[in-house]
Amino acid sequence: MSSGGGQRSQALAKPTFSEAQASALVESVFGFTVSSIRPLPSYDDQNFHVCISRTRDVVDGPTEYVLKISNTEASRTPDLLEVQSHVIMSLREAGFPTASLCLTKGGNVTALVSVDGDSEIKNHFVRLLTYLPGRPLAETPVTPQLLYDIGRLAAQLDKTLEKFHHPKLSSLRRESFIWNLKNVPLLEKYLCALRQHQNRTIVQQVIQRFKDEVMTELSCFRECINHGDLNDHNILIESSTSHFGDAVYRVSGILDFDDMSYGYYVFEVAITIMYMMIESKNPIQVGGHVLAGFESIIPLTPVERRALFLLVCGRFCQSLVMAAYSCQLHPENEEYLMITAKTGWKHLQQLLDMGQDAVEEIWFDTARSYESGISM
């Protein structure tokens, strides 16, 4: 959940709709009668799981939806929200497990609603999406095959979006967007959230290396549109049983396109590796399996591969620093905001202690093993 500008989680950005207000929105904007509603976790937007009652005239179709209420910052960028919505619909048409968007009573994919705040009128865009089946990847045993499949999916997303066209596509060039991976140096504005803790020194060291070794190579990377947030809560998984009685897992849903922006292929795989490490018992091993899947669709160039380690470290820093910053603004949302921090600092420290050469050897050897048909 992201704002369209450079600073995410502004003090007044997050919506605060009650369940009754959200229910009334669904009925007034989309024309459905709500039978039940409950809040869902979110970063700086507000989400609700909505169940609707069927009418006599409608006997089929979905009955479960997600109501997304965008924060005030994101609601100032209607072009961006429109492009994100059309990307979701385009990917679904291409066969990806994304949600369907429900049209408003006026036939639009979004609606702008205004509410009285403490001292001002606040505007929020709202959307209603079908509720996707499955459990978050964070609650699923992650196997090497699943990591490979997720890496492959990340590449397929970027590859498919090469063909996406929209008159407002330029809105994805979010130059100062803090969650675009090239903007790791902008984290310096937020280091106060870490105070003088040793973690601050770690982040400063990563930022300096990022400036010296990644920013100087950006022109060599291949550009694309990134999903930008394939974390273990934005990927849904369903399980089945194979002929041999083993559990087989497949991706049943891809959520949250709010961090979309123009980036590079190598950004997508780095972001995916970082988030797949979060819940893993063997985090350093993760990268090779994800990389193998990604490179089965989009092989990285030598210069992109050399940047991968620092890009993963940079994403850890983005997630950890911005979580700490957001907690200062929204302490009531600390449990959700600090998910990455539970293991993230430890994983980042392990990467840096091992060093780039040792980590790359593990990642690249694992990825190479898939070429020979013997995955590690």
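Predicted, not measured: the structure shown is a model, and the values here were computed from it.

Rules used throughout
- Residues numbered from 1 in each chain as written.
- Predicted model: local features only at pLDDT ≥ 70, side-chain atom pairs only at ≥ 80, totals over all residues.
- Heavy atoms only, no water.
- Core = buried A, V, L, I, M, F, W, Y, C linked by side-chain atoms within 4.5 Å.
- Buried < 20%, exposed > 50% of the residue type's maximum accessible area, 1.4 Å probe, protein only.
- Helix = DSSP H or I, 4+ residues; strand = E, 2+ residues; numbered from the N terminus.
- Contact = heavy atoms within 4.5 Å.
- Salt bridge = Lys/Arg side-chain N within 4 Å of Asp/Glu carboxyl O.
- Expected span 1.5 Å × (residues − 1).
- Pairing = 2+ DSSP bridges.
- Axes fitted to C-alpha atoms, helices over the stretch in contact; angles between N-to-C directions.
- Parallel < 35°, antiparallel > 145°, perpendicular 65-115°, else oblique.
- Left-handed = near helix turned anticlockwise from the far one by under 90°.
- 1 Å grid on protein atoms, 1.4 Å probe; cavity = no way out; pocket = protein on both sides within 12 Å on 5 of 7 lines; lining within 4 Å.
- Points joined across faces, edges and corners; volume = space filled by probe spheres on them.
- Lys, Arg positive; Asp, Glu negative; His and termini not counted.

Colleague: Where do I start with the nonpolar core in this structure?
Modeller: Counting residues in hydrophobic clusters, the biggest one holds 100 residues, and the most contacted among them are L308, V312 and L351. Looking at this core, the element that brings in the most residues is helix 7 (residues 302-329), giving 15 residues. L351 has contacts with M277, I284, F309, V312, C313, F316, V359 and W363, leaving out every residue within four places of it along the chain.

Colleague: For this particular structure, what's the right way to read the pattern of salt bridges?
Modeller: The final tally for this structure, using the stated rule, is 15 salt bridges. R305 is the salt-bridge partner of E295, the closest N and O atoms lying 2.6 Å from each other. In this pair, E295 is assigned in helix 6 (residues 283-295) and R305 in helix 7, connecting sequence segments 10 residues apart. In the salt-bridge network here, residues are joined through shared partners; they are K68, R127 and D258.

Colleague: Is there a simple way to think about helix 2 (residues 78-93) in this case?
Modeller: Owing to its 3.6 residues per turn, the α-helix aligns residues three or four sequence positions apart on the same side. The end-to-end C-alpha distance of helix 2 is 23 Å, a good match for the 22 Å that 16 residues give at a rise of 1.5 Å each. Immediately beyond the C-terminal end of helix 2, within one or two residues, lies G95, with a positive phi of roughly 105 degrees.

Colleague: Whenever I open this one, the sheet that holds strand 9 (residues 235-241) confuses me. Can you help?
Modeller: Paired through their backbone hydrogen bonds, the strands of a sheet run either parallel or antiparallel. Read across the sheet, three strands follow the order 7-9-10 without closing on themselves; strand pairing throughout is antiparallel. The sheet terminates laterally at strand 7 (135-136) and strand 10 (247-254), the two strands that pair on one side only. Pairing analysis gives two bridges linking strand 7 to strand 9, with the strands arranged antiparallel. Considered in strand 9, the bridge of P136 is made with L236. Packing of helix 3 (residues 144-161) onto the sheet brings it into contact with strand 9 and strand 10, and relative to strand 10 it is tilted by some 25 degrees.

Colleague: Quick question: what am I supposed to make of the packing of helix 5 (residues 265-278) against helix 7 here?
Modeller: The description of two packed helices rests on the angle between their axes and on the distance between the axes. In the contact formed by helix 5 and helix 7, the axes pass within 8 Å of each other and the chain directions differ by 55 degrees. Judged by the inter-axis angle, helix 5 sits oblique to helix 7. In the packing of helix 5 onto helix 7, the handedness of the crossing is right-handed. Here helix 5 contributes V266, F267, V269, A270, I271, I273, M274, Y275, M277 and I278 to the contact with helix 7, which in turn contributes E304, L308, L311, V312, R315, F316 and S319.

Colleague: Whenever I open this one, helix 10 (residues 356-371) confuses me. Can you help?
Modeller: Taking 1.5 Å as the rise per residue, helix 10 with 16 residues should run 22 Å; its terminal C-alpha atoms sit 23 Å apart, in good agreement. Listing the buried residues of helix 10 in full gives Q356, V359, E360, W363, F364, T366, A367, S369 and Y370. Check the buried side of helix 10 and you find it contacts helix 3, helix 4 (198-213), helix 5, helix 6, helix 7 and helix 9 (341-354).

Colleague: Looking at this structure, how should I read the environment of Q198?
Modeller: Positionally, Q198 belongs in helix 4. Among the residues examined, Q198 registers a relative accessible area of 56% and is labelled exposed. When the C-alpha atoms of Q198 and D246 are compared, they prove to be 45 Å apart, with 48 residues separating the residues in sequence.

Colleague: I would appreciate a short explanation of the side chain of D229 in the present structure.
Modeller: Assignment of secondary structure puts D229 in the loop between strand 8 (223-226) and strand 9. Judged by its relative accessible area of 6%, D229 is buried.

Colleague: Got a minute to help me understand the layout of surface pockets in this structure?
Modeller: Gaps left between atoms show up when a probe the size of a water molecule is rolled over them. Of the pockets and cavities examined, the largest pocket occupies roughly 680 Å³. The wall of the largest pocket is formed by 27 residues, among which L40, P41, H233, L236 and L255 lie closest to the centre. Looking at the lining of the largest pocket element by element, the count peaks at three residues for strand 6 (residues 121-130). Looking at the second largest pocket, its volume works out to about 280 Å³.

Colleague: In this structure, what is going on with the side chain of R174? I would like to understand it.
Modeller: Mapping R174 onto the fold places it in the loop between helix 3 and helix 4. There is no salt bridge for the buried R174, and the closest opposite charge comes from D259, which lies 5.5 Å off by N-O distance.

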